[in-house]
Every structure is written in structure tokens, then in C-alpha cells.
Amino acid sequence: MCGLLALTGCAAGPTRAPGVGSARAGERVAGLADVPDGSGALVPVGADGQLLLVRSGASVRAFNPACPHQGTVVNPPTAGVITCPTHRSTFDPSSGAVLSGPAEKGLREVPVRVTGQDVVLA
Ligand code: FES
């Protein structure tokens, strides 16, 4: 799939699925400074996962970024709203609740905690 890059290695890296993948409780997922305050970031988790982290001050929540409609990875929040780029469902970044469809359910929260300057799986 990497075409000419096969000679020098694939620049795209491993495929990541939304969710924690093979990561386990206690595993570091990001530094607090990696998550913009008042917004959020998509971060790789472990060897094969990906989470959406949302930060408000020292508080961080994590969501599986797979849109409940058809599975597209949603965007980090902008202007206080998480939006799916495929069909424009929107979600509340403070809870993951659906604000507008076509998604009928909210984002699934993944338990995390802030330990010092790190965000880790709870
Ligand atoms: S896949 Fe997200 S709204 Fe359709």
C-alpha cells in the first residue's frame, strides 16, 4: 500500500482503530500539555488504538472517536462542539452526548485519569 515508499519504509505507520486497542489500564496515553485546554486532540493509544481526549483545565475526558452512526473518526472539538466529518453529526465535548444527528447515540466514554502531567487509562 505504500508504493515507492516500500524501499525506505512506510511513512504512514501502523493502522490504528478507534478505541483503546491492546492498551491496558495504567498505560500513558498523552501528556496533559498535548491536549489543548478548551479543546482536544486525537491521540494514538498503545500499539493500535486511538482516542479523542477533551480537556477543560486540569480535567481530561476520553472518548472512543468512532462516530456511532457509521464509524468515521470524529474531529476534536472546535467552538465547543465535536463534529463528525462524514454526515455532520455533532456531540457535546463535556459528555459525548449527541447534539444533532444522524447519529442517535453519543460517543462512548473511556475512563482516564490525570496523574501529574500525564493522562493514563484508568
Ligand atoms: S458517520 Fe458520523 S454522522 Fe455519519
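In the block above lies the structure referred to throughout.
As the structure is a prediction and not an experimental result, all values here were calculated from the model.

**Q** I'd like a rundown of the pairing of strand S10 (residues 112-115), residues and numbers included.
**A** Sheet topology note: the S10/strand S11 (residues 118-121) ladder contains four bridges and is antiparallel. From the neighbouring strand, Arg 113 faces S11, where its bridge partner is Val 120. Between S10 and S11, which pair antiparallel one after the other, the connecting turn spans two residues, and Gly 116 there sits at a positive phi close to 60 degrees.

**Q** Any chance you could break down the environment of His 69 for me, citing the residues and the numbers?
**A** Within the secondary structure layout, His 69 lies in the loop between strand S5 (59-63) and strand S6 (82-83). Residues contacting His 69, with those up to four places away along its chain left out, are His 87, Pro 102 and Ala 103. Engagement of the side chain of His 69 in a polar contact is seen with the side chain of His 87, the distance being 3.2 Å.

**Q** Could you give me a rundown of unusual backbone geometry, with the residues and numbers involved?
**A** At Ala 79, a residue that is not glycine, the phi angle is positive and equals roughly 50 degrees. Inspection of the secondary structure puts Ala 79 in the loop between S5 and S6. Even without a glycine there, the phi angle at Arg 88 is positive, about 70 degrees. Using a relative accessible area of 52% as the deciding quantity, one classes Arg 88 as exposed.

Conventions used here
- Residues numbered from 1 in each chain as written.
- Predicted model: local features only at pLDDT ≥ 70, side-chain atom pairs only at ≥ 80, totals over all residues.
- Heavy atoms only, no water.
- Pairing = 2+ DSSP bridges.
- Helix = DSSP H or I, 4+ residues; strand = E, 2+ residues; numbered from the N terminus.
- Contact = heavy atoms within 4.5 Å.
- Polar contact = N/O pair within 3.5 Å; in protein donor to acceptor, adjacent residues only side chain to side chain.
- Buried < 20%, exposed > 50% of the residue type's maximum accessible area, 1.4 Å probe, protein only.

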